[in-house]
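Chains, contacts and geometry: an overview
Spelled out, the chains give:
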Amino acid sequence: MSNDGNNGNSKGPILSIRNIKKTYNQGKIPVHALDDVSFDVKKGEFISIVGPSGSGKSTLLSIIGLLDRPTEGSVFIDSMEITKAKESEAPRIRREKIGFVFQHFNLLPALTAMENVDIAMRFSGIPGGKRKERAFQLLTQIGLGDRVKHRPSEMSGGQQQRVAIARAIANNPSIILADEPTGAVDTKTREVIVELLKELSKGGQTIIVVTHDMDVARQTDRIITMRDGRIASDTGSEMK
Amino acid sequence: MFDLILRSLAQRKMRTGLTIFGIALGIFAVIVMGGMSEHMTLIVDKSLDLMADSIQVQPDGTMGGIGTINDSKVRQVKRVPGVRDASGILIAALDPEGGGGGFGGGDMVFGVLPEKQMKDAKLTAGRYLMPGDGYKAVIGSSIARKFNLKVGDELELKSKRLQRTSSITHTRNITVVGITEYTGSIFDSAVQMPLDKAQKFYGMENTVSFIYADPAPGTDPEDLAKRIELSVDNVKSESPEQLRKRFKEQLVVFSLITISAAVLAAIIGGLSVMNTMLMSVSERTKEFGLMKALGAERKNILFMTMGEAGLMGIIGGISGIAAGGILTYYLNGVFESQGSALFSVTPRLAVIALLFAITLGIVCGTYPAYRATKMSPMEALRYE
């Protein structure tokens with residue numbers, strides 16, 4: 001796989017999370033979704049974040065993806081503090097630094113596989129010809145070269161998720177954030193998706209997967225276990 | 001981005017079609033009502049042009065309507081310094097049962113002095129009235145078409161007179177001696193006949209409806225109009241400028257009534273755009289959230305949603321203008337065969353209607369678009 005994730009500084013961490021806290025108010029009762037979470041991610045790492053429901057793993061992913069803001073703490077991607085970015089800068093950062101993969105694929109139903117990959121590049125202002133070329137190349141790489149003109153309704157769950165992965169890597173982001181990417185597919189398809197992510201990681205792409213599925217987590221380089229908004233264990237820190 | 005807008009509209013064909021239909025209906029109303037108002041404006045403009053620069057004198061207290069003045073006042077007006085000449089004119093409805101009289105209000109009979117008749121409209125057949133003519137008439141082009149008259153044909157005049165509690169209708173034939181060309185003014189629907197015969201037929205001897213006074217060269221019409229009012233008792237006089245102003249004011253009222261009804265229809269069409277767009281935005285919560293997660297900026301989402309609304313406005317507007325244009329063209333054909341046209345769909349009206357449709361689409365798309373841009377990507381993506 002030729003994708004190598006751009007902007008990476010091979011020496012420092014590609015992602016640094018520093019003392020992240022996130023508090024929601026449920027009525028008058030404050031709920032600590034994240035409580036002092038810190039860790040670093042190196043370029044090309046394939047990480048899984050696991051933990052029971054409500055442990056804060058999805059909140060953490062949303063904060064890294066700039067979909068949500070922390071109450072306290074900082075997130076650095078490529079040494080840039082994204083938590084300090086203005087609201088108006090968020091779209092550009094998302095385009096350049098982050099690729100999302102969702103549990104329910106979230107492809108646009110009216111568009112073909114090709115157009116679904118293409119749309120991510122539109123917002124970056126890439127000219128139409130180049131977008132088409134890259135979309136076709138990516139779909140061919142993930143083995144869907146013969147499905148470019150198919151709409152999501154004409155594809156299996158696994159195929160849809162592969163299109164979503166192609167869309168996530170289309171802009172060469174620094175990090176791919178995948179929220180339960182195998183949550184809506186069968187066991188066989190799950191293996192195909194995990195293999196694809198592993199392959200991307202081998203090519204230098206940094207990937208963070210949030211999952212319930214320990215079979216998926218075990219295939220990643222590092223497992224961060226969350227409990228009650230805190231990191232309960234991190235195989236990466238054990239390795240250190 | 002434009003392809004995405006088209007794709008999104010095409011995906012919801014029924015809804016898009018109904019919304020466009022709503023706008024088209026509103027704009028159709030704007031074209032039909034506006035066309036009527038434009039036609040009136042044109043008639044008034046041309047009529048006033050043909051009346052040239054005479055000062056109109058009428059009995060005090062009948063501003064806007066048709067009253068009666070004694071013939072003797074003509075002589076009084078003539079004596080006012082600065083008046084070159086003055087003559088009376090008697091106005092009556094050609095068909096008293098059909099109502100009418102005044103601007104745009106049906107066919108009229110003008111009793112005029114033959115030497116003072118309106119000669120700015122050229123003749124297409126026959127001759128003008130001459131002194132000594134009896135029951136002879138010069139008729140406008142619409143009258144000729146409506147009653148299918150040629151020079152030498154007879155036209156029936158009717159007058160209604162009240163006698164005690166009942167009214168008696170008198171009729172009399174009058175011979176057509178001339179037909180004037182189409183002017184686009186009230187004179188197209190007018191029958192001009194000698195004043196004395198008109199007074200006799202209508203039983204209004206020594207009476208006229210208006211007196212027209214021509215200013216002497218070098219006299220300011222405004223001053224002269226005031227002077228006439230001061231010199232002659234119980235009359236009101238209006239200079240050409242005042243007359244123009246008064247008619248314009250009346251036209252504004254007429255236009256306001258007709259156009260506001262149409263605008264109301266168009267606004268309802270606009271609300272249907274708003275409703276459709278709001279529905280479309282809330283249905284696509286996830287889609288907009290996803291686009292934001294993919295790095296779409298507010299302007300991208302604004303462009304898409306407002307583009308959809310604006311495009312529906314354009315298509316609806318063009319369809320409405322086309323439908324209105326076709327209907328008024330057809331109706332004008334029907335009305336012309338019975339007299340005169342009723343609508344003028346001018347380029348100005350078409351452009352205003354189209355701009356109105358687009359503005360309506362965009363304005364009504366603004367709030368839904370704003371809602372779309374406010375969508376939090378995280379909330380949107382959890383929306384299952």
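Residues numbered from 1 in each chain as written. Chains lettered and ligands numbered in written order. Predicted model: local features only at pLDDT ≥ 70, side-chain atom pairs only at ≥ 80, totals over all residues. Heavy atoms only, no water.

1. A look at the overall build of chain B
A count of helical and extended segments in chain B gives 11 helices and 12 strands. If you take every contact in chain B between residues at least 6 apart in sequence, the share linking residues at least 24 apart comes to 80%. Carbon and sulfur atoms make up 59% of the accessible area of chain B, which totals about 18,000 Å². Once the 41 positive and 37 negative side-chain charges of chain B are each reduced to a mean point, those two points are 4 Å apart. (Helix = DSSP H or I, 4+ residues; strand = E, 2+ residues; numbered from the N terminus. Contact = heavy atoms within 4.5 Å. Areas by Shrake-Rupley, 256 points an atom, 1.4 Å probe, with all protein chains shown as cover. Lys, Arg positive; Asp, Glu negative; His and termini not counted. Charge placed at Lys NZ, Arg CZ, Asp CG, Glu CD.)

2. What about the nonpolar core?
By size, the foremost hydrophobic cluster in this structure holds 49 residues, and its most contacted members are Leu15, Ile17, Leu60 and Ile208 of chain A. The residues touching Ile208 of chain A, leaving out its near neighbours within four places in the chain, are Leu15, Val41, Ile47, Ile49, Leu61, Ile64, Ile175, Ile176, Leu177 and Ala178 of chain A. (Core = buried A, V, L, I, M, F, W, Y, C linked by side-chain atoms within 4.5 Å. Buried < 20%, exposed > 50% of the residue type's maximum accessible area, 1.4 Å probe, protein only.)

3. Brief notes about the packing of helix α2 (residues 13-50) of chain B against helix α7 (residues 240-283) of chain B
When two helices pack together, their arrangement is given by the angle between the helix axes and the distance between those axes. Residues and elements named next belong to chain B. One way to put it is that α2 packs onto α7 with a least axis distance of 9 Å and a crossing angle of 170°. Judged on the interaxial angle alone, α7 and α2 are roughly antiparallel. In the contact of α2 with α7, the residues fall into 21 nonpolar, 13 polar and 6 charged. (Axes fitted to C-alpha atoms, helices over the stretch in contact; angles between N-to-C directions. Parallel < 35°, antiparallel > 145°, perpendicular 65-115°, else oblique. Nonpolar A, V, L, I, M, F, W, Y, C, P; charged D, E, K, R; others polar.)

4. As for the confidence of the model for chain A
All names here are of chain A. Summing up the model confidence of chain A, the mean pLDDT is 87 and the portion of residues at 70 or higher is 94%. Taken element by element, chain A is modelled with least confidence in helix α8 (residues 235-239), mean pLDDT 64, and with most confidence in strand β3 (residues 46-50), mean pLDDT 94. The low-confidence segment residues 1-9, where pLDDT is below 50, has 33 contacts with residues more than four positions distant or belonging to other chains. (pLDDT = per-residue confidence, 0-100.)

5. Considering the interface of chain A and chain B
With 21 residues of chain A at the contact, the number on the chain B side is 21 residues. Between chain A and chain B, a total of about 2,000 Å² is buried, with carbon and sulfur atoms accounting for 63% of that surface. The tally of links from chain A across to chain B stands at 3 salt bridges. Arg95 of chain A is the partner of Glu297 of chain B in a salt bridge, and the nearest nitrogen-oxygen pair spans 3.1 Å. Applying the counting criterion to the chain A and chain B interface returns 7 residue pairs in polar contact (both at pLDDT 80 or more). Broken down by secondary-structure element, the contributors of at least two residues to the side of chain A that touches chain B are α1 (57-64), α2 (90-97) and α3 (113-122) of chain A. With 4 residues, the single largest contributor to the side of chain A that touches chain B is α3 of chain A. (Buried area = accessible area lost by both parts, 1.4 Å probe. Salt bridge = Lys/Arg side-chain N within 4 Å of Asp/Glu carboxyl O. Polar contact = N/O pair within 3.5 Å; in protein donor to acceptor, adjacent residues only side chain to side chain.)

6. Digging into the side chain of Thr305 of chain B
Residue and element names in this part refer to chain B. By the secondary structure assignment, Thr305 is in helix α9 (residues 298-337). For Thr305, a relative accessible area of 0% puts it in the buried group. A polar atom in the side chain of Thr305 sits 3.3 Å from the backbone oxygen of Leu302. Thr305 has contacts with Met277, Val281, Phe288, Ala369 and Ala372, leaving out every residue within four places of it along the chain.

7. A closer look at the domain arrangement of chain B
Domain assignment breaks chain B into domain 1 (2-45 + 248-382) and domain 2 (61-233). For domain 1 of chain B and domain 2 of chain B, the distance between their C-alpha centres works out to 46 Å. (Domains from an automatic or database assignment.)

8. Comments concerning the pairing of strand β9 (residues 190-194) of chain B
All names here are of chain B. Extensive coverage of β9 is indicated by the burial of 5 of its 5 residues. Of the strand pairs in this sheet, strand β4 (residues 108-112) and β9 are connected by 5 bridges, and their pairing is parallel. Bridge pairing in β9 links Gly111 to Met193. One ladder, built from 2 bridges, connects strand β6 (residues 136-139) with β9; its direction is antiparallel. Within β9, the position partnered with Val138 by the bridge is Gln192. (Pairing = 2+ DSSP bridges.)

9. Overview of the pattern of salt bridges
Inspection of every chain in the model, using the stated rule, returns 28 salt bridges over all chains. Its salt-bridge partner being Glu238 of chain B, residue Arg246 of chain B comes within 2.6 Å of it at the nearest N-O pair. Note on accessibility: Arg246 of chain B and Glu238 of chain B belong to one class, buried. Sharing partners across several salt bridges, the network here consists of Arg190, Glu191, Asp213, Asp215 and Arg218 of chain A.

10. Notes on the sheet that holds strand β10 (residues 230-234) of chain A
Residue and element names in this part refer to chain A. Taken in spatial order, the 6 strands of this open sheet run β6-β7-β8-β3-β9-β10, and their pairing is mixed. Edge strands, defined here as strands with exactly one partner in the open sheet, are β6 (98-101) and β10. Averaged over all pairs of adjacent strands, the angle between their axes in this sheet comes to 20°, without regard to strand direction. Pairing of β3 with strand β8 (residues 206-210), which is carried by 4 bridges, proceeds in the parallel orientation. When the sheet's bridge partners are listed, Phe46 is paired in β8 with Ile207. Docked against the sheet, helix α5 (residues 157-169) engages β6 and β7 (175-179), running at close to 170° with respect to β6.

11. A closer look at the pairing of β8 of chain A
Counting buried residues along β8 of chain A, 5 of its 5 residues qualify, which places the element largely inside the surrounding structure. What joins β7 of chain A to β8 of chain A is helix α6 (residues 187-202) of chain A, and the crossover it makes is right-handed. (Right-handed = clockwise from strand over helix to strand, strands pointing away.)

12. Section: the side chain of Thr211 of chain A
All names here are of chain A. Its place among the elements puts Thr211 in the loop between β8 and α7 (214-217). A distance of 2.9 Å separates a polar atom in the side chain of Thr211 from the backbone nitrogen of Asp213. Residues within four places of Thr211 in sequence aside, it is in contact with Ser48, Ile49, Val50, Gly51, Lys57, Glu180, Val216 and Ala217.

13. Quick word on the sheet that holds strand β1 (residues 15-26) of chain A
Residues and elements named next belong to chain A. Sheet architecture is open: 4 strands sit in the order β2-β1-β4-β5, paired in antiparallel fashion. The sheet terminates laterally at β2 (29-41) and β5 (80-81), the two strands that pair on one side only. Running at roughly 120° to β1, α1 makes contact with β1, β2 and β4 (72-77) of the sheet.

14. Description of helix α10 (residues 347-374) of chain B
Each turn of an α-helix holds 3.6 residues, which means side chains three or four residues apart point in the same direction. Residues and elements named next belong to chain B. Helix length check: α10, at 28 residues, gives a terminal C-alpha distance of 40 Å against a target of 40 Å (1.5 Å per residue), a fit within 8%. Regarding α10, the residues found buried are Leu349, Ala353, Ala357, Leu360, Gly361, Cys364, Gly365, Pro368, Ala369, Ala372 and Thr373. On its buried face, α10 sits against α2, α7, α8 (285-293) and α9. (Expected span 1.5 Å × (residues − 1).)

15. Notes on the packing of aromatic side chains
Under the defined criterion, the tally for this structure stands at 4 aromatic pairs over all chains. A centroid spacing of 5.8 Å and a plane angle of 10° characterise the contact between Phe100 of chain A and Phe102 of chain A, whose relative ring orientation is stacked. Here the two residues Phe100 of chain A and Phe102 of chain A agree in accessibility, since each one is buried. Measuring from ring centre to ring centre gives 4.9 Å for Phe201 of chain B and Tyr202 of chain B, while their planes differ by 75°; the resulting arrangement is edge-to-face. Accessibility assignment for this pair places Phe201 of chain B and Tyr202 of chain B in one class, buried. Over the ring of Tyr135 of chain B we find Arg172 of chain B; its NZ or CZ atom is 3.7 Å from the centre of that ring. Over the aromatic face of Phe247 of chain B sits the side chain of Arg246 of chain B, whose NZ or CZ is 5.3 Å from the ring centroid. (Phe/Tyr/Trp six-rings, centres within 6.5 Å; stacked < 30°, edge-to-face > 60°. Lys NZ or Arg CZ within 6 Å of the ring centre and 35° of its normal.)

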